[in-house]
Amino acid sequence: MEGFPKFDILKAIYQFYDDYVSQFDFVCQPKCAACCTQHVCITTLEGAFIITHLKEKQCLDILDRLNKVNSDRPFSPRLSTNMLAAYCLNRREPPQQEEYFSTAPCPFLENGLCLIYPVRPFACRSFFSQERCDVKGEAVVPPVLVTINILLNQLLEHIDTPGCYGNMIKVLKFLEENLGRYFFQQSLTPEDLAPNRPIPGFLFPPEHQMEVRKVIDKLSLLRIGRIDMKSVLTQILRPGGRHV
């Protein structure tokens, strides 16, 4: 996956996160796939990363599974993470979004295993539970990890401007026909995807401020080729930061 610098940033953030979550204990195991539904949202950067990986592995036929999705209403957010952050930071009520939730299995799930696991998006990479979801009925996640997940979601969206955000199935279908336009950073405004926005400020509760600062400091040490993450984060952060 050479020649597209944003892929290098994405891989570095994925690796950073995988290392970070190693400090937590989770019960997730192979074939524990209760969370592997069609309710997954990604950026166009992550979608392009998946398609490029499958192309290099000569496995593009895996994308044919998208045409066999048995749900005609996969969740489609109207707002991206940073759009929601802007509403929250400005103490404004965001517009209502559809609450339809599809529990249908992810099209990339086969025999309980993920066919795109090495390049799975952040939404999947960051979904853990300290108790079995099929027993508890929901994931049990440390609150501080939820905060860090939101922070990194915001960062990934920021890096992917002027791309889009939305349901994984719709993003991948869109990119199958528009991958070239994406790589040339042309304006992408499909009706059923939300436009990515720069970070308006990070969302975190006051009690997580120290952990957020620690994570940002560690991210700042990353140097990815000619890209210095410290300079990227300096452009984003405002004096004192913003939180809710």
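So, here's what we can say about the structure. If you're wondering where the values come from, they're calculated on a predicted model, not measured in any experiment. All chains use their own residue numbering, which begins from 1 and follows the written sequence. Local features in this predicted model are restricted to residues of pLDDT 70 or higher, and side-chain atom pairs are both shown and tallied only at a pLDDT of 80 or more, whereas totals for entire chains, interfaces and linings draw on every residue. The side-chain numbers reported here are obtained from all heavy atoms of the structure, hydrogens and water having been left aside.

## Quick look at the environment of Glu211
Okay, so step 1: Tracing the sequence through the fold places Glu211 in helix H8 (residues 209-220).
Okay, so step 2: For Glu211, a relative accessible area of 17% gives the class buried.
Okay, so step 3: Each C-alpha atom of the pair Glu211 and Arg78 lies 30 Å from the other, and the pair is 133 residues apart in sequence. Strands here are runs of E lasting at least two residues and helices are runs of H or I lasting at least four, both read from the DSSP assignment and numbered beginning at the N terminus. Using a 1.4 Å probe on the protein chains alone, a residue whose accessible area is under 20% of its type maximum counts as buried, one over 50% counts as exposed, and one in between counts as partly exposed.

## Overview of the side chain of Asp160
Okay, so step 1: Here Asp160 is to be found in the loop between helix H6 (143-159) and strand S4 (164-167).
Okay, so step 2: Charged residues are defined narrowly, with Lys and Arg counted positive, Asp and Glu counted negative, and His plus the chain ends left uncounted. Only one rule defines a salt bridge in this text: a Lys or Arg side-chain nitrogen within 4 Å of an Asp or Glu carboxyl oxygen. The charged side chain of Asp160 is buried without a salt bridge, its nearest counter-charge being Lys6 at 4.7 Å.
Okay, so step 3: Polar contact is defined as a pair of N or O atoms within 3.5 Å, subject to the rule that within protein one atom must be able to donate a hydrogen and the other to accept it, and that residues adjacent in sequence are counted only when both atoms are side-chain atoms. A distance of 2.5 Å separates the side chain of Asp160 from the side chain of Tyr182, its partner in a polar contact.
Okay, so step 4: Only heavy atoms matter for contacts: two residues are in contact if any of them lie within 4.5 Å across the pair. Those residues in contact with Asp160 that sit more than four places away from it in its chain are Lys6, Thr43, Thr44, Leu45, Tyr182 and Asn196.

## Thoughts on the nonpolar core
Okay, so step 1: In this structure, Phe108, Leu145, Leu152, Leu155, Leu175 and Leu219 are the most contacted members of the largest nonpolar core, which totals 60 residues.
Okay, so step 2: Taken together, the elements giving at least two residues each to this core come down to helix H1 (5-20), helix H2 (44-56), H6, helix H7 (168-183), H8 and helix H9 (229-236).
Okay, so step 3: For this core, the leading source of residues is H1, giving 9 residues.
Okay, so step 4: Beyond its immediate sequence surroundings of up to four residues, Leu175 is in contact with Thr44, Gly47, Ala48, Ile51 and Tyr182. Joining through side-chain atoms within 4.5 Å is the link that ties buried Ala, Val, Leu, Ile, Met, Phe, Trp, Tyr and Cys residues into a set, and such a set is a nonpolar core.

## A few points about the packing of aromatic side chains
Okay, so step 1: Stacked, tilted and edge-to-face pairs are distinguished by plane angle, under 30 degrees for stacked and over 60 for edge-to-face with tilted covering the rest, among Phe, Tyr and Trp rings (Trp via its six-membered ring) whose centres lie within 6.5 Å. The tally for this structure, following the rule as stated, stands at 11 aromatic pairs.
Okay, so step 2: Ring geometry for Phe7 against Phe183: centres 6.0 Å apart, planes inclined by 80 degrees, an arrangement best described as edge-to-face. Of this pair, Phe7 sits in helix H1 while Phe183 sits in helix H7, and the two are 176 residues apart along the sequence.
Okay, so step 3: Since its relative accessible area comes to 2%, Phe7 is described here as buried.
Okay, so step 4: Owing to a relative accessible area of 30%, Phe183 belongs among the partly exposed residues under this scheme.
Okay, so step 5: Members of the aromatic cluster, connected to one another through ring pairs, are Phe4, Phe7, Tyr14, Phe49, Tyr182 and Phe183.

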